[in-house]
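Chain by chain, the residues run as shown.
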Amino acid sequence: MNRCPISYEPCEGRYSDKGLKLLSRQLTDLKELPFTARELRQEAAARAGKMSIQGVQPKLSARLLIKEQRFDVVDLGGRYILKPQVDGYLEVPENEDLTMRLAGLAGIEVPLHGLLYGIDGAMTYFVKRFDRTGRNHKLHVEDFAQLSGQTRDTKYRSSMEQVAGLIEAYCTFPALEKLKLFRLTMFCFLTGNEDMHLKNFSIIRKNDVISLSPAYDQLNTTIAVSRPEEEFALPLNGKKNRLNRQDLVDYFGRRRLGLTDRLLDKMLKDFLSVRTSWEALIGISFLSPNMKEKYVQILSERYARIF
């Protein structure tokens, strides 16, 4: 019995019916990507100057061809982003897919995502673009580097306090968005994401309402790199390391974001209650046993600092 890399359900083939239907109700099968992991990285490098998506991880734009039951790599107009295996870093697609699922369990909005098989059996992460709706409509999205006048090269020149300030300056209902920011900040700390720089936060405009976009690029970077130097990409309370409950809850949540004790208590209870589900999901994920163990260790160590 296999496990579907889109729905995580047990299945006879490579994908479950439920997993396929998440992509399209008309899909009855899905062909493997016609590339090896190395070939996908080469494709990403060759197309980098033509595509509208950028970043350190190799990325490809793709569309889903329902009649042909396959993904097609394209230069422009794709509704999906593909991220293949990263040379020199272990199991990054499996890590990102799992971490995004954990985010969903924690009440954080995430786009449709999952894993795909290539011809060499290697897994590629896919995520549906949340800035596209209908046939050709593009939603207005700006990341926080753009909002603050920073660039890809200066995306670390900020702080979590400045991120909160951008929410206050640009979002239609900042009180709601600051609650989302606190949930996301806590999530990143607990799951070892030490690379949440300015380009990993975005606002989106829908029906003249400006809010935080769905979460993306969620990854346990602490287990992905051999010697992580920091716990946060952007300083919080002047710190990037040795963060604790006083920094995250008392200072950032209560004092900087202005969240009430009732809201903070509920949020902490939410994270406590989801831990068992998180560990169960890690157990059935596509990470190797060694990486699963490292992931659970990070959770245990970070939870001990907060609770």
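Sequence order as written defines the numbering, with residues in each chain counted from 1. The predicted nature of this model means local features are confined to residues of pLDDT at least 70 and side-chain atom pairs, given and counted, to a pLDDT of 80 or more, with totals for whole chains, interfaces and linings taken over all residues. Values reported for side chains reflect all heavy atoms of the structure, with hydrogen atoms and water molecules removed beforehand.

Looking at soluble globular proteins, one finds that nonpolar side chains tend to be buried together. Here, nonpolar core means buried Ala, Val, Leu, Ile, Met, Phe, Trp, Tyr and Cys residues that are tied together by side-chain atoms lying within 4.5 Å of each other. Exposed residues in this analysis have more than 50% of their type's maximum accessible area, buried residues have under 20%, and partly exposed residues fall in between, with area computed by a 1.4 Å probe over protein chains only. Of all hydrophobic cores here, the largest spans 56 residues; its most connected members are Phe144, Leu181 and Trp278. Helix and strand definitions here come from DSSP, where helices need a minimum of 4 consecutive H or I residues and strands a minimum of 2 consecutive E residues; each element is numbered from the N-terminal end. Elements that contribute at least two residues to this core include exactly helix H3 (92–105), helix H4 (144–147), helix H5 (160–170), helix H6 (174–190), strand E12 (209–212), helix H8 (245–256), helix H9 (261–284) and helix H10 (289–306). Residue contacts follow a heavy-atom distance rule, with two residues in contact if any of their heavy atoms lie within 4.5 Å. Aside from chain neighbours lying at most four places away, what touches Phe144 is Val163, Leu166, Ile167, Leu198, Phe201, Ser202, Ile203 and Leu212. With 28 residues, the next largest nonpolar core counts Cys4, Leu20, Ile81 and Met123 among its residues.

Here we take up the pairing of strand E3 (residues 60–65). For E3, a buried count of five out of six residues is recorded, marking the element as mostly surrounded by other parts of the structure. In this description, strands pair whenever DSSP reports at least two bridges between them. Strand direction decides the pairing type here: E3 and strand E5 (residues 80–83), joined by three bridges, are antiparallel. Among the inter-strand pairings, Leu60 is bridged to a residue of E5, identified as Leu82. One ladder, built from five bridges, connects E3 with strand E4 (residues 70–74); its direction is antiparallel. Within the sheet, the bridge partner assigned to Leu64 lies in E4 and is Phe71. In this structure, the hairpin formed by E3 and E4 is closed by a connection of four residues, where Gln69 is found at a positive phi of approximately 55°.

Glancing now at a nonpolar patch on the surface. Together, Phe173, Leu176 and Val209 make up a nonpolar patch on the protein surface, roughly 270 Å² of accessible area in all. Along the chain, the position of Phe173 falls in the loop between H5 and H6. Of the residues examined, Phe173 reaches a relative accessible area of 47% and is grouped as partly exposed. To count toward a patch, a residue needs a relative accessible area over 30% and no salt bridge; like charges are then connected within 9 Å, while nonpolar side chains (Val, Leu, Ile, Met, Phe, Trp, Tyr) are connected within 5 Å. With residues, only the protein chains shown are counted as cover, and all accessible areas are computed by Shrake-Rupley using a 1.4 Å probe. Should a side-chain nitrogen of Lys or Arg be within 4 Å of a carboxyl oxygen of Asp or Glu, the pair is scored as a salt bridge.

Count 3.6 residues to each turn of an α-helix, and residues three or four apart come out pointing the same way. Multiplying 1.5 Å by the helix residue count minus one yields the expected span of that helix. Over its 17 residues, H6 extends 24 Å from the first C-alpha to the last, a length consistent with the 24 Å expected when each residue adds 1.5 Å. For H6, the tally of buried residues reaches twelve of 17 residues, placing the bulk of the element in the interior. Listing the buried residues of H6 in full gives Glu177, Lys178, Leu181, Phe182, Arg183, Leu184, Thr185, Met186, Phe187, Cys188, Phe189 and Leu190. Positioned one or two residues after H6, Gly192 has a phi angle of 70°, which is positive.

This brings us to the sheet that holds strand E11 (residues 202–206). Read from one edge to the other, the open sheet built from three strands follows the order E10-E11-E12, with strand pairing classed as antiparallel. Of all strands in the sheet, those bounded by a partner on one side alone are strand E10 (140–143) and E12. Averaged over all pairs of adjacent strands, the angle between strand axes in this sheet comes to 25°, irrespective of strand direction. Of the pairings in the sheet, the one linking E11 to E12 comprises four bridges and is antiparallel in character. If you follow Ile204 over to E12, its bridge partner there is Ser211. Axis lines are fitted to C-alpha atoms, over the contacting stretch for helices. Their N-to-C directions set the angle, which ranges from 0 to 180 degrees.

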